[in-house]
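Fold and geometry: a report
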Amino acid sequence: MENVSMNDVSEPIFGMLFNSEHDAYDYYNRFGRAMGFSVRKHFMNKSKKDKMTITSRGFVCSKAGCRLSDKRDMNTVNPRAETRTNCQARMNICLVDDGKYKCCEFVREHNHELHSTTTVHMLRSQRKMLDIHRHEIDLADDSGIMPRSTFELMGRQAGGIENLSCLTQDVRNYLRTKRQRALTYGEAGSLMKYFVTQTRTNPSFTYSFQLDSEEQITNIFWADPKMIIDYAHFGDVISFDTTFRTNKECRPFGLFAGFNHHRGCTVFGAALLYDETAESFEWLFEVFAEAHGGKKPKTIFTDQDKAMARALKEVWPQKWHGLCTWHLMQNGITHLGHMMKDGSKFLTDLKKCIYQYDVEDEFETAWYYLLHEYDVKDNAWLQRIYGLKSQWAKCYMKNTFTIGIRSTQLSESLNSDLKDYLKSTLDVVQFFKYFERVLNQKRGNELKTEFDARNKMPRLANSMSIIQKQVGELYTPIIFQLFQEEYNWMTVCTIIDRSNGMPFINFWVGIFEANYIKRIPECYILKRWTQRARTMVVNDIRGKEVELDVNLDCTQRYKRICPELIQIASEASNTIEGYNLVKDAANELRLKLGNIRINPVDCPDMPISSDFSNDVYNRLRLKHKKKSTRGGRRLKSWVEKQGKKKKSGGPSNNQRLQEHQPPDEDCLMDNTYSSYMSLMCSSCFVSLSSRFLDLDTVLRTQEIELKKKQEEEEKTKEMELSTSEGKEELGSDPELFMVKVTLDALEEIMKEIAADTKKLSGGNLANDGVGIMKLLA
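Computed from a predicted structure; not experimentally measured.

Topic: the overall build of the protein chain
Within the protein chain one finds 27 helices and 15 strands. Here the analysis covers contacts within the protein chain between residues at least 6 apart in sequence; of these, 62% occur between residues at least 24 apart. Here the protein chain displays about 48900 Å² of accessible surface, and carbon together with sulfur accounts for 53% of that area.

Below is the structure:
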């Protein structure tokens, strides 16, 4: 017969020819889709000559055969539903002389109900993950789209979910398998692979990790090139805070954040810590400064963590350390919540002490009033925070450079966005992928703000003011608004009092244009708030200039050519002629591009990628935190307690066994019987009762003497002779022979043990030994 076209799905007949075994399976599978049953491969026979060529193959209905009996049926509460019905429908093929396969058997009848056309896409043989589906799933997963929404989107693109070759569960299975493969090197290896890949992509990427005495990774810090550049421009005031439940090991996740020139949140570094001890924070602050070329911030805000305070005092003693006022208020509610009930104004007065008073005397008066009015003079928490008043009270922070930061809300807001994506079930690879997504969103918002600043002109309150025009061109829009609000207060500045010839002037800071000051001197303009704040060249710790994209030229060429190719693909898909034309042209272009070698002149900074090797990090492990059980410790049974007790006054039984080692293997392998005797002697010795264990030294000595006697040539000959006779008596059954040898060995050993122990204990232990011997026999 002639070869069958793959577009034909008619019923297979005897003698039908196929070009290959795969064509036969695809044909029968398509026939199964048209009929409504699933197909699976059955038997396969190969050639005896090369053991590679398939000579015959069988394809059956998925319901062929019957489920075998399961030994676990007695314990299975809810077994799986039965799916096989011993269906006889099948198609078998065999190899013919011309290298093709012929249908040699076909059975059409099924003994079960077939599926309808609306559900055939759910059959197991019809479900297949195509490459285009994998690509779409990867893009959706990287964008944070859930598997169910991904499957719905793919179904809409294909004209319905029935046109897809996979189900929602297949999407979940693919993602799970992908994550498992990503952890091929283990958590520590995958972590190192991520860092090595980032470093190869951009050499300015910086990371560091700390090992403990067992060479396990405890603390991790990293900073990408964008973080290094941002810190060089805006790292004068930073905020540091930790959060939990962002990764599988529940490790504290720390973020260094600050304000950029648009007063937007920017990240300077990130860390995964093992714990929140002073030693971990000291290492982190030292590594953070080292990663940024030794530059330290002028001011840092943290919460009221004592370990952080000790670490900062040790590492950065000259830097001003401020406390987060938001955490201060939350702790106040926790410690003094009972004082804020029934219309009490205690919380209002406490806020005034923190935020309102600019003069120290006013603050001291208000604090004294707070303590005595509400009778909290002896409160330990208030006394403790009063000792730290220079780190949170407004009147003590007037001369501190804070750029308007009073709390760690920058880090808290970023942590809030992170918790929308990061969960405690994420592994290391997922954690970094989701963290990069949140970071890219923040940086996208900064780009939008930068675009608005260049696209929109500032609105001047006084269009005739030269100073406002100057500042509007220099400052970013948000900073210009703040300046304009302060500038408007200039009109209400008046002298309210003079005394002793020394005028006391009370006024808001302003610039009087009437005094011929038409422009603000450059020395009073802080560059970090201007639109040109990023003009400085930043070098990394190796002295090399930090670049956000080392492949900038390649990236620009890619961005330029992508829209054109997408437009060509869109127009070509409208007609068959256009599709064939573009497909042939694409194949020809692919061959020509394959012959072109990358010129180093075109991409001088392109990093050379190589395969990641796990040999360097084969000893590294990610140290796991011990998870504490709630409700206290589990009560231990009497057996567990007895197992951990050690006898006093001498070495343990295991130590005694290690001190008395058996003879060399050469001596034990002289003959089968002597080896078996020594093994049974050791087994019996370990399995005796606790009273016999007290005499283990004596027994081990007797064991060694017995083995030495067995080395003699005369006894060896007698044993070989008795072995041969025993085999003749017991026949050819090796198991029965070994049982007899075992019983003889036990009887001989027990007699010697009973005779020796009788001398030591007066006969009682000997009787017990003979009883045990009879029981074993």
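After that view, the rundown keeps rolling.
Description of the nonpolar core
Ranked by size, the top nonpolar core spans 55 residues in total, and within it Phe-195, Phe-221, Trp-222, Phe-253, Phe-256, Phe-285 and Phe-435 carry the most contacts. Broken down by element, the residue count for this core peaks at nine residues, all from helix H7 (residues 278-291).

What about the pattern of salt bridges?
Tallied over the entire structure, the rule returns 22 salt bridges. A salt bridge links Asp-141 to Lys-433; the nearest nitrogen and oxygen atoms lie 2.5 Å apart. Of this pair, Asp-141 sits in helix H2 (residues 131-142) while Lys-433 sits in helix H14 (residues 428-455); the two residues are 292 residues apart in sequence, bridging distant segments of the chain. Overall, Asp-141 belongs to the buried group, its relative accessible area being 5%. Of the residues examined, Lys-433 reaches a relative accessible area of 24% and is grouped as partly exposed. The residue Asp-236 makes a salt bridge to Arg-528 at a minimum N-O spacing of 2.9 Å. Linking Asp-236 in the loop between helix H6 (225-234) and strand E8 (237-243) with Arg-528 in the loop between strand E14 (502-504) and helix H17 (552-572), this pair joins segments that are 292 residues apart in sequence.

Overview of the sheet that holds strand E4 (residues 90-95)
Reading across from one edge, E1-E5-E4-E3-E2 is the order of the five strands in this open sheet, with antiparallel pairing throughout. Each of the sheet's edge strands pairs with one partner strand only, and the pair in question is strand E1 (17-18) and strand E2 (39-46). Bridge count between E4 and strand E5 (residues 101-107): six bridges; the pairing is antiparallel. Counterpart to Arg-90 in the pairing with E5 is Val-107. On top of the sheet, helix H1 (residues 21-35) reaches E1, E2, strand E3 (54-61), E4 and E5; it is set at about 15 degrees to E3, its chief contact.

Here's the deal with H14
Helical geometry: 3.6 residues make up each α-helical turn, so side chains three or four residues apart lie on a common side. Spanning 28 residues, H14 covers 41 Å between terminal C-alpha atoms, matching the ideal 40 Å at 1.5 Å per step. Taken residue by residue, H14 has Val-428, Gln-430, Phe-431, Phe-432, Tyr-434, Phe-435, Arg-437, Val-438, Leu-439, Glu-446, Glu-450 and Ala-453 as its buried positions.

Describing the pairing of E3
Where burial is concerned, most of E3 is hidden: seven out of the eight residues are buried. Note: E2 against E3, six bridges, orientation antiparallel. Residue Arg-40 lies in a different strand from E3, and its bridge partner there is Val-60. Across five bridges, the pairing between E3 and E4 is antiparallel. In the sheet register, Arg-57 faces E4, and the bridge partner there is Ile-93.

Regarding the pairing of strand E11 (residues 299-302)
The alternating pattern of E11 places Thr-299 and Phe-301 and Ile-300 and Thr-302 on opposite faces, both of which are buried. Summarising the sheet, E8 and E11 pair through three bridges and their orientation is parallel. Looking across to E11, one finds that Ile-238 is bridged to Ile-300. A crossover connection joins E11 to the parallel strand E12 (residues 320-323) through helix H8 (residues 306-315); in handedness this β-α-β unit is right-handed.

Some words on H1
Compared with an ideal rise of 1.5 Å per residue, which puts 15 residues at 21 Å, H1 spans 21 Å between its outermost C-alpha atoms and is within 8% of the ideal. Structurally, H1 contributes buried residues whose contacts are with E1, E2, E3, E4 and E5.

Structural notes on the environment of His-261
Its location among the elements puts His-261 in the loop between strand E9 (253-259) and strand E10 (265-272). For the pair His-261 and Thr-476, spaced 215 residues apart in the sequence, the C-alpha separation amounts to 6.9 Å. With near-sequence residues (within four places) excluded, His-261 lies in contact with Phe-234, Glu-446, Glu-450, Thr-476, Ile-478, Ile-479, Arg-528, Trp-529, Thr-530, Gln-531, Ala-533 and Arg-534. In terms of polar contacts, His-261 uses its side chain to reach the side chain of Glu-450, at 3.3 Å.

Re the side chain of Thr-530
Position of Thr-530 among the secondary structure elements: in the loop between E14 and H17. You can call Thr-530 buried: its relative accessible area is 8%. Setting aside chain neighbours within four positions, we find Thr-530 in contact with His-261, Leu-474, Tyr-475, Thr-476 and Ile-525.

Let's talk about a nonpolar patch on the surface
Nonpolar side chains collect at one region of the surface, where Ile-561, Leu-565 and Ile-568 lie side by side and expose about 270 Å² of accessible area between them. Here Leu-565 lies in helix H17.

Structural notes on the packing of aromatic side chains
In the structure shown here, the tally under the stated rule is 42 aromatic pairs. The interplanar angle of 85 degrees and the centroid separation of 5.6 Å between the aromatic rings of Phe-195 and Phe-432 together place this pair among those described as edge-to-face. Taken as a pair, Phe-195 in helix H5 (residues 186-201) and Phe-432 in helix H14 lie far apart in primary sequence, 237 residues in all. Across this residue pair, the class does not change: Phe-195 and Phe-432 are buried. Ring plane angle 75 degrees and centroid distance 5.4 Å describe the contact between Tyr-231 and Phe-268, whose orientation is recorded as edge-to-face. Here Phe-268 lies in strand E10 and Tyr-231 lies in helix H6, a separation of 37 residues in the sequence. Accessibility classification places Tyr-231 together with Phe-268 in one group, the buried group. Taken together through their ring pairs, the aromatic side chains of Tyr-194, Phe-195, Phe-205, Tyr-207, Trp-222, Phe-253, Phe-431, Phe-432 and Phe-435 make up a single cluster. Just above the ring of Phe-401 sits the side chain of Lys-298; from NZ or CZ to the centre is 5.1 Å.

Observations regarding the confidence of the model for the protein chain
Note: predicted coordinates in regions of low pLDDT should not be interpreted at a detailed level. When pLDDT is averaged along the protein chain, the result is 75, and 68% of the positions lie at 70 or above. The low-confidence segment residues 502-514 (pLDDT under 50) makes 28 contacts with residues lying over four places distant or belonging to another chain. Confidence drops under a pLDDT of 50 for residues 629-635, and excluding neighbours within four residues, the segment shows one contact in the predicted structure.

Overview of the environment of Lys-295
In this fold, Lys-295 is placed in the loop between H7 and E11. Contacts of Lys-295, omitting those with residues within four sequence positions, involve Tyr-231, Ala-232, Gly-235 and Ala-289.

As for the packing of helix H3 (residues 147-157) against helix H4 (residues 168-182)
Between H3 and H4, the shortest axis-to-axis distance is 9 Å and the interhelical angle comes to 125 degrees. Put simply, H3 runs oblique to H4. The way H3 lies across H4 gives a crossing that is right-handed. In this structure, H3 contributes Pro-147, Arg-148 and Phe-151 to the contact, and H4 contributes Thr-168, Val-171, Arg-172 and Leu-175.

Digging into unusual backbone geometry
Excluding glycine, a negative phi dihedral is what most residues carry, and trans is how most peptide bonds are arranged. We note that Lys-51 has phi near 55 degrees; this positive angle belongs to a residue other than glycine. Structurally, Lys-51 is set in the loop between E2 and E3. Taking relative accessible area as the criterion, Lys-51 reaches 63% and is therefore assigned exposed. Here Arg-263, not a glycine, exhibits a phi torsion of approximately 55 degrees, which is positive. Along the chain, Arg-263 falls in the loop between E9 and E10.

Remarks on the packing of helix H10 (residues 346-356) against helix H11 (residues 360-373)
One way to put it is that H10 packs onto H11 with a least axis distance of 9 Å and a crossing angle of 160 degrees. As judged from the angle between their axes, H10 and H11 are roughly antiparallel. Crossing handedness for the pair H10 and H11: left-handed. Residue-level contacts link Phe-346, Asp-349, Leu-350 and Cys-353 of H10 to Phe-363, Ala-366, Trp-367, Tyr-369 and Leu-370 of H11. Considering only residue class, the contact of H10 with H11 consists of eight nonpolar, no polar and one charged.

The rules behind these values
Residue numbering note: each chain is counted from 1, following its sequence as written. Local features in this predicted model are restricted to residues whose pLDDT is 70 or higher, and side-chain atom pairs enter the listing and the counts only when it is 80 or higher, whereas totals over whole chains, interfaces and linings include all residues. Here the side-chain values reflect all heavy atoms present in the structure, with hydrogen atoms and water set aside. Going along the chain from the N terminus, every DSSP run of H or I of four or more residues is numbered as a helix, and every run of E of two or more is numbered as a strand. Residue contacts are counted whenever heavy atoms from the two residues lie within 4.5 Å of one another. Exposure was quantified through the Shrake-Rupley algorithm and a 1.4 Å probe, taking into account, for residues, occlusion by the shown protein chains and nothing else. Residues enter a nonpolar core if they are buried and are Ala, Val, Leu, Ile, Met, Phe, Trp, Tyr or Cys, with the set joined through side-chain atoms within 4.5 Å. Buried, partly exposed and exposed residues are distinguished by accessible area as a fraction of the type maximum, computed with a 1.4 Å probe on protein chains only: under 20%, between the cut-offs, and over 50%, respectively. We define a salt bridge as a side-chain nitrogen of Lys or Arg found within 4 Å of a carboxyl oxygen belonging to Asp or Glu. The criterion for strand pairing is that DSSP finds at least two bridges linking the strands in question. The angle between two axes is taken between their N-to-C directions and runs from 0 to 180 degrees, where each axis is a line fitted to C-alpha atoms and a helix contributes only its stretch in contact. To estimate the expected span of a helix, subtract one from its residue number and multiply by 1.5 Å. We call a crossover right-handed when, viewed with both strands directed away from the observer, the connection leading from the first strand over the helix to the second proceeds clockwise. Nitrogen and oxygen atoms within 3.5 Å of one another constitute a polar contact, given that in protein one can donate a hydrogen and the other can accept it, and given that sequence-neighbouring residues count only through two side-chain atoms. Grouping into patches uses exposed residues only, defined as over 30% relative accessible area, and leaves out salt-bridged ones; the cut-off is 9 Å for like charges and 5 Å for nonpolar side chains (Val, Leu, Ile, Met, Phe, Trp, Tyr). Stacked, tilted and edge-to-face pairs are distinguished by plane angle, under 30 degrees for stacked and over 60 for edge-to-face with tilted covering the rest, among Phe, Tyr and Trp rings (Trp via its six-membered ring) whose centres lie within 6.5 Å. Ring-over charges, as used throughout, are those where CZ of Arg or NZ of Lys falls within 6 Å of the ring centre and within 35 degrees of the ring normal. Looking at any residue, its pLDDT shows the predictor's confidence there, from 0 to 100. Working rule for angles: under 35 degrees goes down as roughly parallel, over 145 as roughly antiparallel, 65 to 115 as roughly perpendicular, anything else as oblique. For a crossing to be left-handed, the near helix must be turned anticlockwise from the far one by less than a right angle; the clockwise case is right-handed. Residues are grouped as follows: Ala, Val, Leu, Ile, Met, Phe, Trp, Tyr, Cys and Pro are nonpolar; Asp, Glu, Lys and Arg are charged; every other residue, Gly included, is polar.

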